[in-house]
Amino acid sequence: MPFLDHLEELRWRILKSLAAIIVMAMASFYFSNELFRFIIAPLGNVKLHFTEVTGSFYAYLKVSLIVGLFAALPIIFYQLWAFVSPGLYKREKAMILPLVFSSTVLFIVGAAFCYYGVLPIALKFLIGFGDDLLSPIITVSSYISFAGMLLVAFGLGFELPVAAYVLAKMGIVSPQALAKARRYAIVGILIIGAILTPPDVFTQLLLAGPVYLLYEVSIIVARVTYPKKKD
């Protein structure tokens, strides 16, 4: 396929993914009140505030978009792996549906790990940092952005084993190359953590630690799936 045709196919697959997110977000908005209560649960007794007339509406809209993204994950991953599939052998194309399933599950597991494990710890540390000297006035917009970014960041971080599987299966990345790149991987993970998480070292390290462990898991996955040299 010519290069421009690849770009055209990529454009359509991105549009289909965006359409899926919008449709799922619209459906999620109907349950936005319940979803909002769920996403603010890690705050405990801390109250949220809004400083603009449209603040509460946009907060519910953001929650619906985040849930719409999660609900559309199977479609998004299908579009991704279907775009990659022309570079796979015929027998490997049969792995598209298992890849879609595993990618979706790992993303949700990463987000759940963040919601139940990391987010409460991060909130307790960051909000309680001022102790009795400072009183937190947290806007609903800032909290939804903070929580949503962390959930997506952890979801993406947990995709490392799947990415390693595909790249190793295609012979693009070897386990030896991944092992030698450990020091660069650590720097890269910290940089990506700084981009995807709010600007504080604590949450960056909370993301970087599990992702690095998943990098080690990815090396093991690559060792199992990388094509063996024939004698």
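One can find the structure itself at the top, above this paragraph.
Residues numbered from 1 in each chain as written. Predicted model: local features only at pLDDT ≥ 70, side-chain atom pairs only at ≥ 80, totals over all residues. Heavy atoms only, no water.

(A) Representation of the pattern of salt bridges in the model. In total, this model carries one salt bridge according to the counting rule given. The salt bridge partner of R182 is E216, with a shortest N-O separation of 2.8 Å. Of this pair, R182 sits in helix α10 (residues 182-196) while E216 sits in helix α11 (residues 201-225), placing them 34 residues apart in sequence. (Salt bridge = Lys/Arg side-chain N within 4 Å of Asp/Glu carboxyl O. Helix = DSSP H or I, 4+ residues; strand = E, 2+ residues; numbered from the N terminus.)

(B) Quick peek at the packing of aromatic side chains. For the structure on display, the rule yields 11 aromatic pairs. Here the aromatic rings of F36 and Y60 are separated by 4.7 Å at their centres, their planes lie at 15 degrees, and the arrangement is stacked. Placement of F36 in helix α2 (residues 32-39) and of Y60 in helix α3 (residues 55-71) is noted, with a sequence separation of 24 residues between them. Judged by its relative accessible area of 22%, Y60 is partly exposed. Joined through ring pairs, the aromatic side chains of F29, F57 and Y58 make up one cluster. One residue, R11, lies across the ring of W12, its end atom 5.1 Å from the ring centre. (Phe/Tyr/Trp six-rings, centres within 6.5 Å; stacked < 30°, edge-to-face > 60°. Buried < 20%, exposed > 50% of the residue type's maximum accessible area, 1.4 Å probe, protein only. Lys NZ or Arg CZ within 6 Å of the ring centre and 35° of its normal.)

(C) α11, seen in detail. An ideal rise of 1.5 Å per residue puts 36 Å on 25 residues; α11 measures up with 35 Å between its terminal C-alpha atoms. Along α11, the residues classified as buried are T203, Q204, L207, A208, P210, V211, L214, Y215, S218, I219, A222 and T225. (Expected span 1.5 Å × (residues − 1).)

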